[in-house]
Amino acid sequence: MTRPGAGVYVGRPVRRVNDRPLLDGDARFVDDLRGHGLYATILRSTSAHGVVERFDATHARGLAGVVAVLGPSEIVGAVAPMECTWVLPGQRQHTYPVVENVVRYVGQPLGILVATSHAAAIDAAEQVEIDYHERPAVVDVERALEGVDGFLYPELGTNLIVELRVGNTPAAVAAVVAGAAHVVRRRFRVPRQSAMPMEPRGVRAEFDRATGALTVWTSTQVPHHVREDLAAVLGMRLDRVRVVAPNVGGGFGPKDHLYPDEVLVCLASCRLGATVKWIEQRREHAIATVHARDQTQHATLAFDADGRFLAIDAELIVDLGAQCTNVGAGPAFTTASLLEGPYRFDAAGSTVRGVVTNKTPAGAYRGFGQPEAAWPRELLIDEAAVVVGLSPTEIRRRNMIERAALPFLTHSGQSYDSGDFAAALVRAEAMISTPQRSLPTRAAVRHGIGIASYVQFAGSSSRGSQSLNFRIPGYETAVLRMEADGNVTLYTGVCPHGQGLETTLAQVAADHLGVPFDTVTVVFGDTATTPVAAGTIASRSMMMGGAATMRAAAALRARLLEIAAHRLEAAVADLELNAGRIAVRGTPTIGLAVVDIARDAWLGWNLPAGAEPGLEVRAVFDPDDAAYSYATHAVAIAVDIETGRIDVQRYVVVQDCGVIVNPMIVEGQIHGGVAQGIGGALLEEMIYDGAGQPLTTSFLDYELPSACEVPFIEVEHLVHPSPRVPGGMKGMAEGGLIPSAAAIANALADAVPGIAEMITDTPLTPERVWRWLRQLESTPA
């Protein structure tokens, strides 16, 4: 069956054009960039909280191969503070230093050592002596909120950096809760996690003293954003800074901004007038690249005797780590904004409290606060179903926003655009209920089914980013050029790092321009050639970049037809463009080859009066509002009640992301998201001891999901195009993990109902589940 929005290429599972070099080993990542240069290592704090009393690099500077060592005294006055990209109302921190003498987390950069080889840099770094005046570590976020262990910033007199309310006021929600027949309340926790992309961060900086220009190759999702912030921190003219993202081995959010240690690499290059390269090691990534999640949640769901939802409320205490960086408490703001999900409430609201502790700063990670919204909501809904005697599916169906009610404005201000939430729910329930071949089992194994639903926010507008004080462009630009030989180049500001945008954007351009797919090349990742843009974040690339591409293709096609109409002495409306040829409709022998038109256009020949030579157009898409995809996930698990081990046996996703450009790539995104979601549900947690020392800094301690934990994922699609986006696309890349933990937890509660109220925290490790099961055994009947 042909899906809505399908064309010659759009809607087809076109193979990714960049797979061959990746598979053959020909792709070039930052560490693959060779040539004469120096190697750097970052000198980091080993103390969680204290003041640097002595930084002595005397011995290190005298070692063979060492070129330079920059410590706090050489750095502090040489760079400006870094600005937060998203500053929420009332936020007490707007900037943070590149380097300072006060240390607030293990892994905080204090300096940089540059040597002639990587090995020499690593060896010499061990000879740099750093002494600290230790301060008590502030680790527990709720104790930090109370201030009982001291303050990270004594001048503030508090560890509370930001507090705000989203949705209805506490009084308005409390009034509705007071009149409810039933109320369920629970304290939840979503732990601290790390994105762990296959390729950690890396920077290669090359400063040209003759021109005063700095070129930076970096593993980033946002080249233009990095360029702007780097120029500001180094005090350089923007036109003297070029940032290039080569192949990027995964991002998932943490590569969405410039880091202080990356600034140090560029500063060293400028000081030395040399090329300097730094590649983050895996342990460094665990302590120096932003973490995410880490919310303590006090959530309430009120409903009537028939199971109709009346109110939802949450207090969200988010552990920001040592400081507000880049997006600060933005993910928790998103949690509050999406807490209502696809359901109706008479009142809804959340209070967000962002608190600093002596941990690695927190930032963006795939889902950006939305998994944290699904976790309390979907677990409380299952509890409500038990209270009123309804099935988990039926209580959700009764409360879902109807298709006819869309567009729909939530209490938190989200304007859902299109879809059929209940249809996804019902279909997912039917799929997971379909009998499958039974596997051998033991008496100690219990089986359960869980479901969870969500709505995902994607994209925004310039007006929206301004209203949120979020310093990123809300628009997207596409520059489309047909060369003199008829081939087409698309210059885009989005920056793929595994999404397959090199393929999908070419599909859009080829379809709407009317040229063969293999004639389109997508150029990205270089600030010298691509238009200014926010980059690839927040599931916005196809929605925003695809829409801009579609507009550019339509404009370039119109120009080709205009030139052809002039040369054929025909009306534009009578012409058609197919297979590289423009001909009079119904008379295919009367026409022109597109390549002939392109050649003449760049010569300035045979053009209509007033037409400019060349075939290049620029188009901008700045939406009126966001687009919202959605899905229901259903999962079947088996839990061993003797060991607590959970086995995910089946996983079903019914999703609607509007018009699907490439179904193969979309399903790959879903599979990857679900795998990460299963990891978060069962395995992943960044753990600190009471002194603020990280305990999970390798894959021996921080476990990631493997093929053993991830089953075959069954996917079906609904298609309700977004009326706000040319082409009808909606962002979807984060949806795979948004409800995963909640669906698995609900399945565990279904398998062993007696522990349902204990299921408040992830990960659902065998040890944690085993303890709940033993607690159940010891509870009197």
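Residues numbered from 1 in each chain as written. Predicted model: local features only at pLDDT ≥ 70, side-chain atom pairs only at ≥ 80, totals over all residues. Heavy atoms only, no water.

## Some words on the overall build of the protein chain
Cut-off, in case you're wondering: A run of H or I in DSSP becomes a helix once it reaches four residues, and a run of E becomes a strand once it reaches two; helices and strands are each numbered from the N terminus. Here's how the labels work: a residue is buried when its accessible area is under 20% of the maximum for its type, exposed when over 50%, partly exposed in between, all with a 1.4 Å probe on protein chains only. Only heavy atoms enter the contact rule, under which two residues are in contact if any of them lie within 4.5 Å. Methods summary: accessible areas were calculated by the Shrake-Rupley approach with a probe of 1.4 Å, and residue burial reflects only the protein chains presented. His is not counted here, nor are the chain ends, while Lys and Arg score as positive and Asp and Glu score as negative. Where a charge lies is defined by one atom per residue type: Lys uses NZ, Arg uses CZ, Asp uses CG and Glu uses CD.
Within the protein chain one finds 20 helices and 30 strands. Overall, the protein chain is about 90 × 75 × 55 Å in size when its C-alpha atoms are taken along their principal axes. Within the protein chain, buried positions represent 61% of all 781 residues. Restricting to contacts in the protein chain with at least 6 residues of sequence separation, those with at least 24 account for 79%. Split by element, the accessible area of the protein chain, about 29,000 Å² in all, is 53% carbon and sulfur. Of note, the protein chain has its 66 positive side-chain charges centred 2 Å away from the centre of its 86 negative side-chain charges.

## Structural notes on the packing of aromatic side chains
Our working rule: Pairing of aromatic side chains requires ring centres within 6.5 Å, counting the rings of Phe and Tyr and the six-membered ring of Trp. Pairs whose planes differ by under 30 degrees are stacked, by over 60 edge-to-face, and all others tilted. Whether a charge sits over a ring depends on NZ of Lys or CZ of Arg being within 6 Å of the ring centre and within 35 degrees of the ring normal.
Taken as a whole, this structure holds eleven aromatic pairs when the rule is applied. Consider the rings of Trp-86 and Phe-333, whose centres lie 5.6 Å apart with planes at 75°: the pair is edge-to-face. Of this pair, Trp-86 sits in the loop between strand S4 (82-83) and strand S5 (95-96) while Phe-333 sits in helix H10 (residues 330-337); the two residues are 247 residues apart in sequence, bridging distant segments of the chain. In this structure, Trp-86 and Phe-333 share a single accessibility class: buried. For the ring pair Phe-309 and Phe-345, a centre distance of 5.5 Å and an interplane angle of 15° mean the geometry is stacked. A residue pair is termed long-range when its members are at least 10 positions apart, and Phe-309 in strand S16 (residues 309-321) and Phe-345 in the loop between H10 and strand S17 (347-356) qualify at 36 residues. In textbook terms, an aromatic cluster arises when at least three aromatic residues are bridged by ring pairs, as seen for Tyr-416, Phe-421, Phe-457, Tyr-628 and Tyr-630. Positioned above the aromatic ring of Tyr-259 is the side chain of Arg-201, whose terminal nitrogen or guanidinium carbon lies 3.8 Å from the ring centre. Of note, Arg-204 hangs over the ring of Trp-217, and the distance from its end group to the ring centre comes to 5.1 Å.

## Section: helix H8 (residues 260-272)
The line we're drawing: Between the first and last residue of a helix there are one fewer steps than residues, each counted as 1.5 Å, and that sum is the expected span.
Between its first and last C-alpha, H8 extends 18 Å over 13 residues, near the 18 Å set by a 1.5 Å rise per residue. Looking only at H8, the buried set comprises Pro-260, Asp-261, Glu-262, Val-263, Leu-264, Val-265, Cys-266, Leu-267, Ala-268, Ser-269 and Cys-270. Looking one or two residues past H8, Gly-273 carries a phi angle of roughly 65°, positive in sign.

## Some remarks on the pairing of S16
Applicable threshold: At least two bridges found by DSSP between two strands is the condition for calling them paired.
Burial analysis of S16 places twelve of its 13 residues in the buried class, the great majority of the element. In this antiparallel pair of consecutive strands, strand S15 (residues 292-303) and S16, the connection spans five residues, and Gly-307 shows a positive phi of 90°. When S16 meets S17, the two strands line up parallel, connected through ten bridges. When the bridges of S17 are listed, Asp-319 appears paired with Val-355.

## Quick notes on the layout of surface pockets
Quick note on the threshold: In this analysis a 1.4 Å probe is tested at points of a 1 Å grid over the protein atoms alone, and where it fits but cannot get out there is a cavity; an open set with protein on both sides within 12 Å along at least five of seven lines is a pocket; lining residues have an atom within 4 Å of a point. Grid points are joined across faces, edges and corners, and a volume is the space filled by probe spheres set on the points. Ten residues, namely Ala, Val, Leu, Ile, Met, Phe, Trp, Tyr, Cys and Pro, are considered nonpolar, four, namely Asp, Glu, Lys and Arg, are considered charged, and the remaining ones, Gly among them, are considered polar.
Taken as a whole, the second largest pocket spans an internal volume of roughly 510 Å³. Around the second largest pocket sit 27 residues that line it, and Asp-382, Val-386, Pro-392, Asn-746 and Asp-750 are the ones nearest its centre. For the lining of the second largest pocket, the elements supplying multiple residues, two or more each, are helix H11 (370-388), helix H12 (392-399), helix H13 (421-433), strand S20 (445-458) and helix H19 (740-751). With six residues, the single largest contributor to the lining of the second largest pocket is H11. Tallied by class, the residues present in the lining of the second largest pocket amount to 15 nonpolar, six polar and six charged.

## Here's the deal with the nonpolar core
So the rule is basically this: Among buried residues, those of type Ala, Val, Leu, Ile, Met, Phe, Trp, Tyr and Cys that are joined through side-chain atoms within 4.5 Å constitute a nonpolar core.
Residues Leu-214, Leu-301, Leu-748, Ile-759 and Leu-764 are the most contacted members of the largest nonpolar core, which totals 153 residues. The leading source of residues in this core is H19, at nine residues. Ignoring anything within four residues of it in the chain, the contact list for Leu-301 reads His-182, Val-183, Val-184, Phe-309, Ala-311, Ile-312, Phe-345, Leu-380, Ile-381 and Ala-384. Met-542, Met-544, Ile-582 and Phe-621 belong to the second largest nonpolar core, which has 53 residues in total.

## Overview of the packing of H11 against H19
Relative orientation and spacing of two packed helices are given, respectively, by the angle between their axes and the distance between those axes. The test is simple: To obtain an axis, a line is fitted to C-alpha atoms, over the contacting stretch when the element is a helix, and the angle between two such axes runs from 0 to 180 degrees between their N-to-C directions. Under this scheme an angle from 65 to 115 degrees is roughly perpendicular, one under 35 degrees roughly parallel, and one over 145 degrees roughly antiparallel; angles in between are oblique. Should the near helix be turned anticlockwise from the far one by less than a right angle, the crossing is termed left-handed; should it be turned clockwise, right-handed.
Between H11 and H19, the least distance of the axes is 8 Å, while the angle of their chain directions is 25°. If you check the angle between H11 and H19, you find them roughly parallel. Every pair of crossing elements has a handedness; the one defined by H11 and H19 is right-handed. Within the contact between the two elements, H11 uses Ala-374, Trp-375, Glu-378, Leu-379 and Asp-382 and H19 uses Ala-741, Ala-742, Ala-745 and Asn-746. By residue class, the composition of the contact of H11 with H19 is six nonpolar, one polar and two charged.

## Notes on H13
As a reminder of what qualifies: The arc refers to the directions leading from the helix axis to the C-beta atoms.
Between its terminal C-alpha atoms H13 stretches 19 Å, which fits the 18 Å expected from 13 residues at 1.5 Å a residue. Among all positions of H13, only Phe-421, Ala-424, Leu-425, Ala-428, Met-431 and Ile-432 are buried. Projected down its long axis, H13 shows its buried positions confined to an angular sector of 135°, all on one face. If you follow the buried residues of H13, they end up packed against H12, strand S19 (415-416), S20, strand S28 (627-640), strand S29 (646-656) and strand S30 (713-718).

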